[in-house]
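Residues per chain are reported as follows:
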Amino acid sequence: MSSILSAFHFSRAFSHQRMSLAAYCIICCRRIGTLTPPPKSTTYRRDIRNVIKFTGSLILGGSLFLTYEVWALKKSLTLDTQVVEREKMKSYIYVHTVSIDDRENYGITYQARKELHKAVRKVLATSAKILRGPFADPFSTVDVEDHECAVWLLLRKSQSGDRATRLQAVQEMSETHHWHDYQYRIIAQACDLRTLIGLARSKGSDPRFFLPPPPLPSLKEDSSIEEELRQLLASLPQTELDECIQYFTSLALSESSQSLAAQKGGLWCFGGNGLPYAESFGEVPSATVEMFCLEALVKHSEVSTHCDQIEANGGLQLLQRLYQLHKDCPKIQRNIMRIIGNMALNEHLHSTIVRSGWVSILAEAMKSPRIMEASHAARTLANLDVETMREKYHDGVYVLHPQYRTSQPIKADVLFIHGLMGAAFKTWRQQDSEQILTEKILEDEARYTTCWPKTWLARDCPALRIISVEYDTSLSDWRTRCPVERKSIAFRSNELLRKLRAAGVGDRPVIWVSHSMGGLLVKKMLLEASKKPEMSTVINNTRGIIFYSVPHHGSHLAEYSVNIRYLLFPSLEVKELSKDSPALKTLQDDFLEFAKDKNFQVLNFVETLPTYIGSMIKLHVVPVESADLGIGDLIPVDVDHLNICKPKKKDAFLYQRTLQFICETLAKDLEN
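Keep in mind the model is a prediction, meaning the values are calculated, not measured. (Residues numbered from 1 in each chain as written. Predicted model: local features only at pLDDT ≥ 70, side-chain atom pairs only at ≥ 80, totals over all residues. Heavy atoms only, no water.)

Trainee: Where do I start with the side chain of histidine 350 in this structure?
Mentor: Tracing the chain through its elements places histidine 350 in helix H17 (residues 350-355). A distance of 3.4 Å separates a polar atom in the side chain of histidine 350 from the backbone oxygen of asparagine 383. Those residues in contact with histidine 350, other than ones at most four positions away along the chain, are Leu193, Ala344, Asn383, Leu384, Val386 and Lys392. (Helix = DSSP H or I, 4+ residues; strand = E, 2+ residues; numbered from the N terminus. Polar contact = N/O pair within 3.5 Å; in protein donor to acceptor, adjacent residues only side chain to side chain. Contact = heavy atoms within 4.5 Å.)

Next up, the structure:
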């Protein structure tokens, strides 16, 4: 307040001063005009004095006036820089900072070299101006500090017309861990789609490279996520669909309608076929209905035109909201990842997927210690990465290694195909035991792995691409996920062969690793590929096959149609495993002749212990005589059918013999 009063008094005094100066000038002029003319010499000197007084007063007053105005203007334009910085930083992401103080990270040698580089740049810049010659890119930012120069140069390189330059820039960005927060934010806000996806697929990339997803649109009034999901599903085309998509869609729509009606009426009741609710009686009804809708959307997302509809109707944002809401439900998150991964197969949707904020979510999921979550994210990002990936990974085809971009040359492929009731990950876990189950909590891969091909085999053979395949199977039609879907081994083999060829299988030497019915699928796929000219590379590059308890001559499983829920009505897959199945005998005879002709290397393992099925049946699923292909070594192992492909530990015979076969069969290919 006192400063304001002082300014006011100063201004008032200065105004009076200006008025006094003007009055004085007028009085002087009047006196000059009214006085009687004195002698000429006196008049001349007096006139000069008056002019000097007038001019001096005018100059002094003008100087004071200008000084005051400049001071006032400067004061009015002075900004609080701290306030500006705070406002500017509101749009940025705040994470733990890393010091980049040169004194902490570098020594005297670095400082001297830095000063030398600055001097050289100045000399080159001066010579370029004098000679009017071109100035090289590395020196084009001579007035910028070194750490600032690196950011903008890398950004420029990442948008180069040369692919190798772009890849090098992304690699350098991912290996940078000493920048300030704002430098990472510059890259995050200024990089293009290719660079962002490349950073997400680069191991060790700083999370600050990825902006958080944009705010999601609010839900409609009196609406819920469940209802929005139902509306999205109902908006998709319902004609020209295969029977399974129709089944999942109708089930999801009917169950969601009954659930919504029950919720609004204050009552929740069973509906539809009843069985899925009976199986998941302990689940929250809304979560169950959401799972039905997501399973239907997974099937729809396998159709390109339906992906366009999902995107146009806000599906990317809705799925993101659902993903964030169910962070404690991995099954829901995996189905959402499957949908996004299928949509990423369509290149025209890539920019929309990136703009909706999915890349930051996928980059975070890639670093998850849970192998399933990381593998689903890796599949989606690989489909988005058109810069380095020619292969396309369809639903059910997962790369276990390498999941990131790598400079390690990949020289061969190893494919893992599970059997009945198996899965791409759980089939290939380490064998369970009471001691190991308690140690699993520690998530120590040295003691326990949930997927030994990803952890053990990838470390022992880093030059391999390791792929695991997943497909739906069931022991009984009561347990099938899609009752109208009765897929034979022949149908599944063609479907898997098409997906694997899209993933580039056949471009390198291949070893197939299979368990149970998966071995029959491998045999059928190879026979089918031999009949198609476009699949010839798959045959020519197949080096060997490992069979874990594969029923080449049938299994007792189909003969046990007893009154228990698993085998009351055997599924088509189980029926095809019957010992008297003509299709199975034809497959065995044809493949044996084919494998001998192609000189495939073969290794057979077989269980010697019975397997518990449910709580009532103890069954030797694949006897020794059935696991004998007719070529290759046949090795009995004292385990049951489920554990024949699950080594107890890394130095166990099962794993070491498998590793030996792979290394010996691919020895020449890995050396080249």
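Trainee: Help me understand the pattern of salt bridges in this model?
Mentor: Proximity of charged atoms lets side chains of opposite charge pair with each other. Scanning the model with the defined rule gives 19 salt bridges in all. Across the pair glutamate 387 and arginine 166 runs a salt bridge whose closest N-O atoms are separated by 2.7 Å. On the criterion of sequence distance, the pair formed by glutamate 387 in the loop between helix H19 (371-384) and strand S1 (397-401) and arginine 166 in helix H7 (residues 163-174) is long-range, its members being 221 residues apart. In this pair, the class of glutamate 387 matches that of arginine 166, namely buried. (Salt bridge = Lys/Arg side-chain N within 4 Å of Asp/Glu carboxyl O. Buried < 20%, exposed > 50% of the residue type's maximum accessible area, 1.4 Å probe, protein only.)

Trainee: I keep staring at helix H10 (residues 225-234) and nothing clicks. Help me out?
Mentor: An α-helical turn contains 3.6 residues, so any two residues separated by three or four positions project in the same direction. Among the 10 residues that make up H10, 7 are buried, leaving the element largely enclosed by the rest of the structure. Every buried residue belonging to H10 is among Ile225, Glu226, Glu227, Glu228, Leu229, Leu232 and Leu233, and all of these are buried.

Trainee: Is there a simple way to think about the nonpolar core in this case?
Mentor: Taken as a class, soluble globular proteins show a tendency for nonpolar side chains to be buried jointly. Core analysis: the largest hydrophobic core is formed by 65 residues, its most contacted members being Ile187, Leu297, Ile336, Met343, Ile353 and Trp358. Sorting elements by how many residues they give to this core places helix H13 (residues 285-300) first, with 8 residues. Those residues in contact with isoleucine 187 that lie beyond four places of it in its chain are Val151, Leu155, Met173, Trp179, Leu199 and Phe209. (Core = buried A, V, L, I, M, F, W, Y, C linked by side-chain atoms within 4.5 Å.)

Trainee: I would appreciate a short explanation of the packing of aromatic side chains in the present structure.
Mentor: Each aromatic ring pair is specified by the distance between its two centres and by the angle formed by the two planes. In this structure the tally under the stated criterion is 14 aromatic pairs. Here the aromatic rings of phenylalanine 416 and tryptophan 452 are separated by 5.6 Å at their centres, their planes lie at 85°, and the arrangement is edge-to-face. In this pair, phenylalanine 416 is assigned in strand S2 (residues 412-417) and tryptophan 452 in helix H21 (residues 452-460), connecting sequence segments 36 residues apart. Neither residue differs from the other here; phenylalanine 416 and tryptophan 452 are each classed as buried. Three or more aromatic residues joined by ring pairs make a cluster, and in this case those are Phe416, Trp428, Trp452, Trp456, Tyr548, Phe605 and Tyr655. (Phe/Tyr/Trp six-rings, centres within 6.5 Å; stacked < 30°, edge-to-face > 60°.)

Trainee: Looking at this structure, how should I read a nonpolar patch on the surface?
Mentor: A cluster of nonpolar residues, Tyr44, Ile48 and Ile52, forms a patch on the protein surface that exposes about 330 Å² of accessible area. For isoleucine 48, the position within the fold is in helix H2 (residues 40-77). (Patch = residues over 30% accessible without salt bridge, like charges linked within 9 Å, V, L, I, M, F, W, Y side chains within 5 Å. Areas by Shrake-Rupley, 256 points an atom, 1.4 Å probe, with all protein chains shown as cover.)

Trainee: Can you help me understand the packing of H7 against helix H9 (residues 193-200) in this one?
Mentor: In a packed pair of helices, the relevant descriptors are the angle between the two axes and the axis-to-axis distance. Close contact between H7 and H9 brings their axes to 9 Å; oriented N to C, the two are set at 50°. Put simply, H7 runs oblique to H9. The handedness of the crossing between H7 and H9 is right-handed. Of H9, the residues touching H7 (which contributes Arg166, Val170, Met173 and Ser174) are Arg194, Thr195, Gly198 and Leu199. Grouping the amino acids of the contact of H7 with H9 by side-chain chemistry returns 3 nonpolar, 3 polar and 2 charged. (Axes fitted to C-alpha atoms, helices over the stretch in contact; angles between N-to-C directions. Parallel < 35°, antiparallel > 145°, perpendicular 65-115°, else oblique. Left-handed = near helix turned anticlockwise from the far one by under 90°. Nonpolar A, V, L, I, M, F, W, Y, C, P; charged D, E, K, R; others polar.)

Trainee: What exactly am I supposed to notice about the sheet that holds strand S4 (residues 510-515) here?
Mentor: Each strand in a sheet pairs with its neighbour through backbone hydrogen bonds, running either in the same direction (parallel) or in the opposite one (antiparallel). Read from one edge of the open sheet, 7 strands run S1-S3-S2-S4-S5-S6-S9, paired in mixed fashion. The open sheet has two edge strands, S1 and strand S9 (633-637), and neither has a second partner. Within the sheet, the average angular offset between the axes of one strand and its neighbour, ignoring direction, is 20°. Relative to S4, S2 runs parallel, the two sharing 5 bridges. Residue pairing for S4: aspartate 413 is matched across the bridge by valine 510. (Pairing = 2+ DSSP bridges.)

Trainee: What exactly am I supposed to notice about the environment of arginine 321 here?
Mentor: Turning to its location among the elements, arginine 321 is positioned in helix H15 (residues 315-325). When the C-alpha atoms of arginine 321 and leucine 216 are compared, they prove to be 7.3 Å apart, with 105 residues separating the residues in sequence. In this structure, arginine 321 is in contact with Leu216, Pro217, Ser218, Leu219 and Ile225, ignoring residues within four places of it in sequence.

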